[in-house]
Amino acid sequence: MSTITIYHNPACGTSRNVLSLIRNSGEEPTVIEYLKTPPDRETLQQLIAAMGIPVRDVLRQKGTPFDELGLADMQWTDAQLIDFMLQHPILINRPIVVTPLGTRLCRPSEAVLDILPQPQQGAFYKEDGEAVIDAKGQRVAKP
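Now for a quick tour of the structure. Small disclaimer: the values here were computed from a predicted structure and weren't measured.

Rules of the game
Residues numbered from 1 in each chain as written. Predicted model: local features only at pLDDT ≥ 70, side-chain atom pairs only at ≥ 80, totals over all residues. Heavy atoms only, no water. Helix = DSSP H or I, 4+ residues; strand = E, 2+ residues; numbered from the N terminus. Rg over C-alpha atoms; globule rule 2.2 N^0.38 Å. Buried < 20%, exposed > 50% of the residue type's maximum accessible area, 1.4 Å probe, protein only. Contact = heavy atoms within 4.5 Å. Areas by Shrake-Rupley, 256 points an atom, 1.4 Å probe, with all protein chains shown as cover. Lys, Arg positive; Asp, Glu negative; His and termini not counted. Charge placed at Lys NZ, Arg CZ, Asp CG, Glu CD. Pairing = 2+ DSSP bridges. Phe/Tyr/Trp six-rings, centres within 6.5 Å; stacked < 30°, edge-to-face > 60°. Axes fitted to C-alpha atoms, helices over the stretch in contact; angles between N-to-C directions. Arc of directions from axis to C-beta.

### What to know about the overall build of the protein
- The helix and strand inventory of the protein stands at 3 helices and 6 strands.
- Reading the protein from its N terminus to its C terminus gives the helix and strand order β-α-β-α-α-β-β-β-β.
- Since a compact globule built from 143 residues should have a radius of gyration of about 15 Å, the 16 Å found for the protein is in line with a globular shape.
- Considered along the principal axes of its C-alpha atoms, the protein spans approximately 50 × 35 × 25 Å.
- Across the 143 residues of the protein, 43% fall into the buried class.
- Sequence separation of at least 24 residues holds for 58% of the intrachain contacts in the protein that already meet a minimum separation of 6.
- Put simply, the protein shows about 7,600 Å² of open surface, and 50% of that area lies on carbon and sulfur atoms.
- Taken as two groups, the 14 positive and 17 negative side-chain charges of the protein have centres that lie 5 Å from each other.

Laid out in structure tokens, this is it:
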């Protein structure tokens, strides 16, 4: 059983890159396609608490009913925002990764490197060709 779980959307490039970075560390994570199998209220609340970020920071705007639901309005409580995410799982930003070292919303995809228990095993390039890890398994410095 893997000690790493990714809440994944295979249609999302960032999510695919994060999954590949996890695998590049030699781990095969538990993959939860959260649009097919959304988390329940308790799980979503636990994930948000473990990330230590505001509920609003977990809301995805692009490609979602965020605007039509008026979710930018500050009237909504955290509990109500979670209700919206449960009703419309596409509103949950992704990917969320859980490891023994922490839980994180991995945007940008390199954020997952801070919580992976094992080092990278080789070079890694994002889908767009950007180098992230060199041939020695080290993070590539950004210019």
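From this point, the narrative continues.
### Some thoughts on the pairing of strand 4 (residues 102-105)
- The two faces of strand 4 differ: Thr103 and Leu105 on one face are buried, but Gly102 and Arg104 on the other face are not.
- Alignment of strand 3 (residues 96-99) against strand 4, held across 4 bridges, turns out to be antiparallel. For Ile96, the partnering residue across the bridge sits in strand 4 and is Leu105.
- Where strand 3 folds back onto strand 4 in an antiparallel hairpin, the turn is made up of 2 residues.

### Regarding the packing of aromatic side chains
- This structure, assessed with the given rule, holds 1 aromatic pair.
- Consider the rings of Trp76 and Phe84, whose centres lie 4.9 Å apart with planes at 85°: the pair is edge-to-face.

### A word on the sheet that holds strand 2 (residues 30-33)
- Taking strand neighbours across the sheet as the criterion, the 4 strands line up as 2-1-3-4 in an open arrangement whose pairing is mixed. On the outer flanks of this sheet lie strand 2 and strand 4, each paired with one strand and no other. Within the sheet, the average angular offset between the axes of one strand and its neighbour, ignoring direction, is 15°.
- Strand direction decides the pairing type here: strand 1 (residues 5-8) and strand 3, joined by 3 bridges, are antiparallel. Directly across from Thr5, in strand 3, lies its bridge partner Val98.
- Sheet strands in contact with helix 1 (residues 13-24) are strand 1, strand 2 and strand 3, and its direction is about 160° off that of strand 1.
- Here helix 2 (residues 41-51) sits on the sheet in contact with strand 1, strand 3 and strand 4, set at roughly 95° to strand 4.

### With respect to helix 3 (residues 78-87)
- Those residues of helix 3 that fall on the buried side of the exposure criterion are Leu81, Ile82, Phe84 and Met85. Each buried residue of helix 3 lies within a common arc of 155° when the element is viewed along its axis, so the set occupies one face.
- Its buried side turned inward, helix 3 meets helix 2.

### Structural notes on the side chain of Asn93
- Inspection of the secondary structure assignment puts Asn93 in the loop between helix 3 and strand 3.
- For Asn93, a relative accessible area of 10% translates into the label buried.
- Those residues in contact with Asn93 that sit more than four places away from it in its chain are Asp57, Val58, Leu59, Arg60, Leu105 and Arg107.

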